[in-house]
Amino acid sequence: MMQHLEKTENTVCQWLRGIDTALLRAVAAAAAVCMLLAHGFAFTNLFPNHDSTVLVYDAQWTMYVLGRWAQNLYFPLVRGKIAAPWLIGAFSIVYLALTSYCITSLLHLKKWSAALLTGLLGTCASVTAQLATYTYETDAYLLALLLACAAVWCTERRPGLWVYLGAAVCLCGCLALYQSYIQFAVGLYLLLLLQRALQGAEWRHWLRQGVCALAALALGTALYLVSLKVSLAVTGYRLADTGNGLAQMLRLGPAAVLTAIPAAYADFLKTLLGYSGWNDRGMRMATALLLAMTAAGLLVKLRGCNKRTIVQAVAVVLLLPIGLNVSYLLASGNVYILMQHALFLVYLLPMIFFGGSELFPMSRRAGSAVVGLLCAFLILRNCICANGAYVYTKLVYDN
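The shown structure was predicted, so the numbers you read here are calculated from the model rather than taken from an experiment.

**Side note on the overall build of the protein chain**
Okay, so step 1: Along its length, the protein chain carries 20 helices and zero strands.
Okay, so step 2: Taken over 399 residues, the protein chain has a buried fraction of 51%.
Okay, so step 3: Considering only residue pairs separated by 6 or more positions, the protein chain has 81% of its internal contacts joining residues 24 or more positions apart.
Okay, so step 4: Taken as a whole, the protein chain presents about 18600 Å² of accessible surface, with 68% of it coming from carbon and sulfur.

Here it is in structure tokens:
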């Protein structure tokens, strides 16, 4: 027994020693600064919330019928049944910092690109829309984001049967908190495949990594479906049959999913490049430039590479918009910005291609500077947009 405890203690100590504390401090600082600049007003004021009464009146059936049964565990056991804005903000900042650490360590990002990624994920329209409407769920959704990224981190860092079971539990928790955040896991697996392709991976190793990713996602989804059936059986509720609800998704056939692929690509571009209340002309131009730099950077990286690397890299880049927007396929196009948080992972591509990754350094820093300035501009505009939305919401609330 003592030997087992000592072995466990040594394993934990070794894992703790492996944590890059400098990187963790950097992403934590970026998360705190960006979240407070963008959402500090929301963290210190009360807004009208669509469904915040569920925390007061225990209307837990809403989460069960939506397939989000884990929220009925998270609120009473972790944060408490109180929609205190400052508490929501504190948990959200911690979850975002840990998420950024996972992504950064997986993709070997440099500190400047890690800080920019943290800012983009924390200030984007998805978080703003969440805080301006369903404020009380924001930290639960960011926990779903953390669990999705933690699942990928587990399968990449510690391969093995028990680790895959742990990753499946993380993915199950992610889906049971908010289903659309599974797109982060899909997107990260694709980005890792791109990373391996650019490193010249053989077909056998590259395909094996892709199969392992699919296996982890399938195992996590299967565990979630089992847990969903158990939660419905115990409570006696039925899934809500709404336009983008689980009941509708479970009826989809392969033909419906395949025919929706062109529309999913169009929605990806429309969300990032189309006009909306959160996406003004300057932001659209910055995003267009970053996407153009992504294409140029990919061409530069693939110049002189063999056909295998070119095919692998191009295939991943073409699949990435679908992976980050898979909710569009499963929800038959009935998506909104709250379900599309993962789309903003696309900004990792220009960072990776222009010196933002330790694995692919660049001798010239001009491209890195341009990418950094464009991303910083987007973060600034996101902060301005968020504060405008909160002030308007507060003025309406106060009449």
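**Let's talk about the packing of aromatic side chains**
Okay, so step 1: Considering all chains together, one arrives at eleven aromatic pairs under this definition.
Okay, so step 2: With centroids separated by 5.6 Å and ring planes inclined at 65°, the aromatic side chains of Tyr 74 and Phe 75 adopt a geometry described as edge-to-face.
Okay, so step 3: In textbook terms, an aromatic cluster arises when at least three aromatic residues are bridged by ring pairs, as seen for Tyr 141, Tyr 178, Tyr 181 and Phe 184.

**Examining unusual backbone geometry**
Okay, so step 1: Positive phi outside glycine occurs at His 108, with the angle close to 55°.
Okay, so step 2: Looking at where His 108 falls in the secondary structure, it is placed in the loop between α6 (85–107) and α7 (111–123).
Okay, so step 3: Residue class for His 108 comes out partly exposed when judged on its relative accessible area of 31%.

**Side note on the environment of Leu 107**
Okay, so step 1: Along the chain, Leu 107 turns up in helix α6.
Okay, so step 2: For Leu 107, a relative accessible area of 1% puts it in the buried group.
Okay, so step 3: Ignoring anything within four residues of it in the chain, the contact list for Leu 107 reads Leu 188, Leu 191, Leu 192, Gln 195, Leu 348, Ile 352 and Ser 357.

**A closer look at the pattern of salt bridges**
Okay, so step 1: A complete count under the given rule lists four salt bridges for this structure.
Okay, so step 2: One salt bridge in this structure joins Arg 196 and Glu 156, with 3.0 Å as the shortest N-O distance. Here Glu 156 lies in helix α9 (residues 138–157) and Arg 196 lies in helix α11 (residues 182–198), a separation of 40 residues in the sequence.
Okay, so step 3: Between Asp 280 and Arg 381 there is a salt bridge, and its shortest N-O distance comes to 2.6 Å. Linking Asp 280 in the loop between α15 (261–273) and α16 (281–302) with Arg 381 in helix α20 (residues 366–398), this pair joins segments that are 101 residues apart in sequence.
Okay, so step 4: For Asp 280, a relative accessible area of 22% puts it in the partly exposed group.

**Brief notes about the packing of α11 against helix α12 (residues 203–235)**
Okay, so step 1: For the pair α11 and α12, the least separation of the axes is 10 Å and the interaxial angle reads 170°. Here α11 lies roughly antiparallel to α12, going by the angle between them. Each of Ile 182, Ala 185, Val 186, Tyr 189, Leu 192, Leu 193, Arg 196 and Ala 197 in α11 lies in contact with α12, whose residues at this interface are Trp 206, Gln 209, Gly 210, Ala 213, Ala 216 and Leu 217.
Okay, so step 2: Taken together, the residues that form the contact of α11 with α12 break down as eleven nonpolar, two polar and one charged.

**So, the environment of Cys 174**
Okay, so step 1: Position of Cys 174 among the secondary structure elements: in helix α10 (residues 161–177).
Okay, so step 2: Given the relative accessible area of 0%, Cys 174 is considered buried.
Okay, so step 3: Each residue touching Cys 174, except ones within four places of it in the same chain, is listed here: Ala 144, Leu 147, Ala 148, Gln 179, Tyr 181 and Ile 182.

**Thoughts on the nonpolar core**
Okay, so step 1: In this structure, Ile 103, Leu 107, Phe 184 and Leu 348 are the most contacted members of the largest nonpolar core, which totals 121 residues.
Okay, so step 2: Tallying contributions element by element places α9 first for this core, with 13 residues.
Okay, so step 3: Not counting residues within four places of it along the chain, the set of residues in contact with Leu 348 comprises Ile 103, Leu 107, Leu 109, Leu 117 and Leu 191.

**Considerations on the environment of Val 346**
Okay, so step 1: With respect to the helices and strands, the residue Val 346 is situated in the loop between α18 (326–330) and α19 (348–353).
Okay, so step 2: Given a relative accessible area of 5%, Val 346 falls into the buried group.
Okay, so step 3: Through-space distance from the C-alpha of Val 346 to that of Pro 321 is 8.0 Å; in sequence the pair is 25 residues apart.
Okay, so step 4: Not counting residues up to four positions away in its chain, the partners in contact with Val 346 are Phe 268, Leu 272, Leu 291 and Leu 324.

**Quick notes on α7**
Okay, so step 1: The end-to-end C-alpha distance of α7, which contains 13 residues, comes to 18 Å, matching closely the 18 Å that a straight helix rising 1.5 Å per residue would cover.
Okay, so step 2: By the burial criterion, the buried members of α7 are Ser 113, Ala 114, Leu 116, Leu 117, Thr 118, Gly 119, Leu 120, Leu 121, Gly 122 and Thr 123.
Okay, so step 3: Those residues of α7 hidden inside the fold are in contact with α2 (21–43), α6, α8 (125–132), α11, α19 and α20.

Reading the values: rules and limits
Residues numbered from 1 in each chain as written. Predicted model: local features only at pLDDT ≥ 70, side-chain atom pairs only at ≥ 80, totals over all residues. Heavy atoms only, no water. Helix = DSSP H or I, 4+ residues; strand = E, 2+ residues; numbered from the N terminus. Buried < 20%, exposed > 50% of the residue type's maximum accessible area, 1.4 Å probe, protein only. Contact = heavy atoms within 4.5 Å. Areas by Shrake-Rupley, 256 points an atom, 1.4 Å probe, with all protein chains shown as cover. Phe/Tyr/Trp six-rings, centres within 6.5 Å; stacked < 30°, edge-to-face > 60°. Salt bridge = Lys/Arg side-chain N within 4 Å of Asp/Glu carboxyl O. Axes fitted to C-alpha atoms, helices over the stretch in contact; angles between N-to-C directions. Parallel < 35°, antiparallel > 145°, perpendicular 65-115°, else oblique. Nonpolar A, V, L, I, M, F, W, Y, C, P; charged D, E, K, R; others polar. Core = buried A, V, L, I, M, F, W, Y, C linked by side-chain atoms within 4.5 Å. Expected span 1.5 Å × (residues − 1).

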